Amino acid sequence: MSSSSTAVLLLETVNFAAEKHRNQRRKDPDATPYINHPIGVARILSHEGGITDLEVLQAALLHDTVEDTDTTFDELESVFGPTVARIVQEVTDDGSLPKEERKRLQVEHAPHRSHQAKLVKLADKLYNLRDLNRCTPTGWTAERVQEYFVWASRVAKGLRGTNAALEEKLQQLFWERGVEL
Ligand SMILES: Nc1nc2c(ncn2[C@@H]2O[C@H](COP(=O)(O)OP(=O)(O)O)[C@@H](OP(=O)(O)OP(=O)(O)O)[C@H]2O)c(=O)[nH]1
Ligand SMILES: [Mn+2]
C-alpha cells in the first residue's frame, strides 16, 4: 500500500474514534477529551515502539470504542476489516463481568493474545501509567494508584517478548514504584 493511502486510512480511523468518543472525558481533574488517550496509545506504538503495521495502529486508535461507546465489533469489521476488528476484540474487556473478574482475566489472558494485540496492550498500559504519574484521577486514592501499578505489572508480565523498547519503559515505571515485574 502506498504511504498516501496509509495516511488516508489513519485519518479515517482517528476521525471514527473521535466521533465515537466525542462526549467522553478522561478522569483527570481537567477532564481531558478521551480521544487524547487512543491517539496517544497509537503514537506510543509508532514513535516509541517503531511500529508501522497499519492494522495495529488502527486498532490502537479504536481500542476503547467497543468497551466505552456504542460501537460494535460488526461495525468495526465492516468499516475497517476483520483483522482490525479482531485486535480490538482481543483487547476489549467483557463489560458484563464484575470489575475484579475483568481485571483477573486480563492477567490470565495476556500471554495468549496475538502479537498485534499484545502491542496494543503494552502501549495502553504505558499510556495509563504515565497518566497516573502525571496526575491522580478524580476520586482515586494513592493506594488505588499503587494498586493499578501492581495489577498492570502482572498484565505486563504476560506480554513479555513483544517489544523491547516498550517493555523497558514499562519496567522503568514499575521500578520507580518499587513494583516487581
Ligand atoms: N490513568 C488514567 N486512566 C484513565 C483516566 N481517565 C480514564 N482512564 C481509564 O481508566 C481505566 C483504568 O481505571 P480502572 O478503574 O482500573 O478501570 P475501569 O475503567 O474499569 O474503572 C483505563 O481504561 P483502559 O484504557 O480500558 O485500560 P485498562 O486499565 O482497563 O486495561 C484508563 O484508560 C485518567 O485520567 N488517568
Ligand atoms: Mn485504553
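For the structure itself, consult the block above.
This is a predicted model, so every value here is computed, not measured. Residue numbers here run from 1 along each chain, matching the order of that chain's written sequence. Starting at A for chains and at 1 for ligands, labels are handed out in the order in which the entities are written. In keeping with the model being predicted, local features are shown solely for residues with a pLDDT of at least 70 and side-chain atom pairs are shown and tallied solely at 80 or more, while totals for entire chains, interfaces and linings include all residues. Note that the side-chain values use all heavy atoms of the structure and ignore hydrogens as well as water.

K.L.:
Residues and numbers for the nonpolar core, please.
P.N.:
Among the nonpolar cores identified, the biggest contains 47 residues, and Leu45, Leu62, Leu76, Val120, Leu129, Phe149 and Phe174 are the most heavily contacted of them. Contributions of two or more residues to this core are made by helix H1 (3–20), helix H2 (36–48), helix H3 (54–62), helix H5 (73–80), helix H6 (82–90), helix H8 (115–134), helix H9 (142–157) and helix H10 (164–176). In this description a helix means any DSSP run of H or I spanning at least four residues, a strand means any run of E spanning at least two, and both kinds are numbered starting from the N terminus. Among the elements that line this core, the one with the most residues is H8, at nine residues. Not counting residues within four places of it along the chain, the set of residues in contact with Leu45 comprises Gly50, Ile51, Val56, Leu57, Ala60, Leu119, Val120, Ala123 and Leu166. Only buried residues count toward a nonpolar core, which is a set of Ala, Val, Leu, Ile, Met, Phe, Trp, Tyr and Cys residues joined through side-chain atoms within 4.5 Å. The buried label applies to any residue whose accessible area, calculated with a 1.4 Å probe on protein chains only, is under 20% of its type's maximum; exposed applies above 50%, and partly exposed to all values in between. Any two residues whose heavy atoms approach within 4.5 Å are treated as being in contact.

K.L.:
So what about the pattern of salt bridges? Which residues, and what values?
P.N.:
Close approach of charged atoms allows side chains with opposite charge to pair. Salt bridges, as used here, are contacts in which a Lys or Arg side-chain nitrogen is within 4 Å of a carboxyl oxygen on Asp or Glu. Per the counting criterion, the structure on display carries ten salt bridges. Taking the shortest distance from any N to any O, the salt bridge between Glu101 and Arg104 comes out at 3.1 Å. Here Glu101 and its partner Arg104 are both found in helix H7 (residues 99–109), three residues apart, which amounts to about one turn of the helix. Across the salt bridge formed by Asp131 and Arg134, the nearest N and O atoms sit 2.9 Å from each other. Taken together, the residues span about one helical turn, with Asp131 and Arg134 both in helix H8 at a distance of three residues. Overall, Asp131 belongs to the buried group, its relative accessible area being 14%. Taken together, the shared-partner salt bridges connect Arg26, Asp28, Asp131 and Arg134 into one network.

K.L.:
Could you give me a rundown of the site of ligand 1, with the residues and numbers involved?
P.N.:
Residues are classed as near a molecule or strand on a simple rule: at least one heavy atom within 4 Å of it. Close to ligand 1 lie 22 residues; Arg26, Lys99, Lys103, Arg144 and Tyr148 are nearest. Interatomic distance of 2.7 Å between a backbone N/O atom of Lys27 and a nitrogen atom of ligand 1. A distance of 3.0 Å is found between an oxygen atom of ligand 1 and a side-chain nitrogen or oxygen belonging to Gln106. Among the secondary structure elements, those contributing two or more residues to the shell around ligand 1 are H7, H8 and H9. The dominant element in the shell around ligand 1, judged by the number of residues it contributes, is H8, at six residues. Considering only residue class, the shell around ligand 1 consists of six nonpolar, three polar and 13 charged. Identification of polar contacts relies on pairs of N or O atoms within 3.5 Å, with a donor-acceptor requirement for protein atoms, meaning one able to donate a hydrogen and the other able to accept it, and with residues adjacent in sequence counted only if both atoms are side-chain atoms. Think of it as three bins: nonpolar holds Ala, Val, Leu, Ile, Met, Phe, Trp, Tyr, Cys and Pro, charged holds Asp, Glu, Lys and Arg, and polar takes everything else, Gly as well.

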